Amino acid sequence: GATAMSKKADKATIKATLCAQGIDFSEDFHALPSSQVELLVEASKACGYRKPSSASGSTARYFFQHLAKQK
């Protein structure tokens, strides 16, 4: 289905959208169901997020941690 996220959406909006979809940023990333990980992947693409080149984890995990730090 179509998402409400526009290209280069701001991270506060994306975080709020993901929270509304049930993602709890106070949880451990590894506790998330795969459906929520998929939402993170889509959201990271939507805002053009790139994980650090030195990153060993998944883009979804880095994006989750990135958003978890957002106020």
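Our structure's up above, just so we're on the same page.
All values derive from a computational prediction rather than experimental measurement.

**Q** Any chance you could explain the overall build of the protein here in plain terms?
**A** Per the secondary structure count, the protein includes three helices and zero strands. The linear arrangement of helices and strands in the protein, starting from the amino end, is α-α-α. Across the 71 residues in the protein, those meeting the buried criterion constitute 32%. In the protein, of all internal contacts separated by at least 6 residues, the share reaching a separation of at least 24 is 49%.

**Q** Even after reading the chapter, I still don't get the packing of aromatic side chains, so can you show me in this structure?
**A** The relative placement of two aromatic rings is captured by the distance of their centres and the angle of their planes. Per the counting criterion, the structure on display carries three aromatic pairs. Aromatic pair F29 and F64: ring centres 5.6 Å apart, planes at 55°, arrangement tilted. Here F64 lies in helix 3 (residues 59-69) and F29 lies in the loop between helix 1 (11-20) and helix 2 (34-46), a separation of 35 residues in the sequence. Residue F29 is classed as buried on the basis of its relative accessible area of 10%. Both rings, one in Y49 and one in F63, keep their centres 5.0 Å apart while their planes meet at 50°; by these two values the pair is tilted. Remark: F63 occurs in helix 3 and Y49 occurs in the loop between helix 2 and helix 3; sequence separation between them is 14 residues. Exposure class is identical for Y49 and F63. Each is buried. Clustering of aromatic rings is evident, with ring pairs tying together F25, F29 and F64.

**Q** Whenever I open this one, helix 2 confuses me. Can you help?
**A** Count 3.6 residues to each turn of an α-helix, and residues three or four apart come out pointing the same way. Across its 13 residues, helix 2 extends 18 Å between first and last C-alpha, which sits within 8% of the 18 Å expected from 1.5 Å per residue. The complete set of buried residues in helix 2 reads Q36, L40, A43, S44 and A46. Down the axis of helix 2, the buried side of the element spans an arc of 155°, and every buried residue falls inside it. Of the residues in helix 2, the exposed ones pointing more than 90 degrees away from the buried face are S34 and K45. Summarising the contacts, the buried residues of helix 2 are in contact with helix 1 and helix 3. At the exit of helix 2 stands G48, carrying a positive phi of roughly 75°.

**Q** Can you help me understand the packing of helix 2 against helix 3 in this one?
**A** Two quantities define a packed helix pair, namely the angle between the axes and the distance from one axis to the other. Closest axis-to-axis distance for the helix 2/helix 3 pair is 9 Å, and the angle between their directions is 80°. Here helix 3 runs roughly perpendicular to helix 2, going by the angle between their axes. Along its contact with helix 2, which presents V37, L40, V41, A43 and S44, the element helix 3 presents T59, A60, F63 and F64.

Here is what the cut-offs are and how they apply
In this convention, every chain numbers its residues from 1, walking through the sequence in written order. With the structure being a predicted model, the display of local features is reserved for residues of pLDDT at least 70 and the display and counting of side-chain atom pairs for 80 or more, all residues being used for whole-chain, interface and lining totals. Excluded from the side-chain calculation are hydrogens and water; included are all heavy atoms of the structure. We count a stretch as a helix when DSSP gives it H or I for four or more residues in a row; a strand needs E for two or more, and each element gets its number in order from the N terminus. Exposure classes here rest on a 1.4 Å probe applied to the protein chains alone. A residue is buried below 20% of its type maximum, exposed above 50%, and partly exposed in between. Residues count as neighbours in contact if any of their non-hydrogen atoms are within 4.5 Å of one another. Each aromatic pair joins two rings of Phe, Tyr and Trp (for Trp, the six-membered one) with centres within 6.5 Å, and gets the label stacked for planes under 30 degrees apart, edge-to-face for over 60, and tilted for any other angle. To estimate the expected span of a helix, subtract one from its residue number and multiply by 1.5 Å. Arc definition: directions from the helix axis to the C-beta atoms. Angular values range over 0 to 180 degrees, each being the angle between N-to-C directions of two axes fitted as lines to C-alpha atoms, with helices fitted over their stretch in contact. Each angle receives one of four descriptions, namely roughly parallel if under 35 degrees, roughly antiparallel if over 145, roughly perpendicular if within 65 to 115, and oblique otherwise.

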